[in-house]
Amino acid sequence: TSKRLTAPDITARKGKDPIVSLTSYHAHTAAIADKYVDFLLVGDSLGMVMHGFESTLPVPLELMILHGRAVMRGAKHALVVVDMPFGSYEESPQQAFRNAALVMKETQCGAIKLEGGKRMAETIRFLSERGIPVMAHIGLTPQSINILGGFKTQGRTQAQWAIIEEDAQAVTEAGAFAVVLEAIAEPLAAKITRTIPIPTIGIGASPACDGQILVMEDMLGLSPRVPKFVKEFGKVGAAIEGAIRMYAEDVRSRAFPAPENTYEMKD
Ligand code: KIV
Ligand code: NA
């Protein structure tokens, strides 16, 4: 069937086959990924991988909406989740609802994602009780790099465990339909996955999670630098460079356009 998956469909996958997901920022690659994934995340990492920002912090809500619409046009089966960018939800549950509702109206996506555990629990509850499914995101939260001191793996000492476990518990109790665990040590990811009743979606969080996500550009080999947790399943950057080099050579040697690329007169 071609019916689109919903947030409750994803929640129901807890403890079953691994949930497969990717980020997506572009209509045509969304259509390709749609054949293979359960959900697509329009993540704010688009600021880095598509727009060349050094972090996700400069990303405006408008950009999330534009890319969210493109992905919704391309993907017909996967649940589409759109990230709330830095500054669009942290102030209050009301601010979060206003902006998340705008994202849902403008893109018609099925859920939003926001960063933060315990501190965002009240907001997650406020949104979920008012019709907006929320995916939480804990561990390494890239919108907080200026506090964390960089893109650093979390939960590698026992002392850090309690905080992340409390975050997982808090977002679950607040009504999140799933939670992203980013860059945390394997035993902690395994423990959280065993403990909470909602699916854990890992990125750099081991195979113990209920599902996996990667940034599409990273796994395609299209990002200049990637963290250790990324496997490059493709060499798309190299393929693009090869094609562009050949094009430039063919234009300079006048091998392109060839007769088959050229219009002739009808009379
Ligand atoms: O923006 C993003 O790509 C994300 C994933 C890393 C989960 O939030
Ligand atoms: Na993100």
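The rules behind each value
- All residue numbers here refer to positions counted from 1 along the written sequence of the relevant chain.
- To read the labels, note that chains go from A and ligands from 1, taken in the order they are written.
- Confidence filtering applies because this is a predicted model: local features only for residues at pLDDT of at least 70, side-chain atom pairs given and counted only at 80 or more, and all residues used for totals across whole chains, interfaces and linings.
- UniProt positions are given in the numbering used here, feature names are shortened, and annotations may be inferred rather than shown by experiment.
- Only DSSP runs of H or I with at least four residues qualify as helices, and only runs of E with at least two residues qualify as strands; both kinds are numbered from the N terminus onward.
- With C-beta atoms placed from the backbone, the exposure class of a residue follows from how many other C-beta atoms lie within 10 Å of its own: 20 or more, buried; 12 or fewer, exposed; in between, partly exposed.
- With C-beta atoms placed from the backbone, a contact is any residue pair whose C-beta atoms sit within 7 Å.
- Strand pairing follows a simple DSSP-based rule, namely that at least 2 bridges must link the two strands.

Looking up the protein chain in an unreviewed UniProt entry gives the name 3-methyl-2-oxobutanoate hydroxymethyltransferase, with the organism given as Aestuariivirga litoralis. In its Subunit (unreviewed entry) section, UniProt records this for the protein chain: "Homodecamer; pentamer of dimers." In UniProt, the protein chain has this text filed under Sequence similarities (unreviewed entry): "Belongs to the PanB family."

Looking now at the UniProt feature "binding site: 3-methyl-2-oxobutanoate" (unreviewed entry) in the protein chain. The sites that carry the UniProt feature "binding site: 3-methyl-2-oxobutanoate" (unreviewed entry) are, in the present numbering, Asp44, Ser45, Asp83 and Lys113. For the annotated residues, spread through 70 residues, the largest C-alpha to C-alpha distance comes to 12.5 Å, consistent with a single compact locus. Within the fold, Asp83 resides in strand β3 (residues 79-83). Overall, Asp83 belongs to the buried group, with 29 C-beta atoms counted inside 10 Å. Discounting residues that sit within four places of it in the chain, Asp83 has contacts with Leu41, Val42, Gly43, Asp44, Met64 and Lys113.

Take the pairing of strand β4 (residues 111-115) next. Counting buried residues in β4 gives 5 out of 5 residues, a clear majority hidden from the surface. Taking every second residue as pointing to the same face, both faces of β4 are buried, with Ala111, Lys113 and Glu115 on one and Ile112 and Leu114 on the other. As judged from the 3 bridges shared by β3 and β4, these two strands associate in the parallel manner. Pairing of Val81 across the sheet is with Ala111, part of β4.

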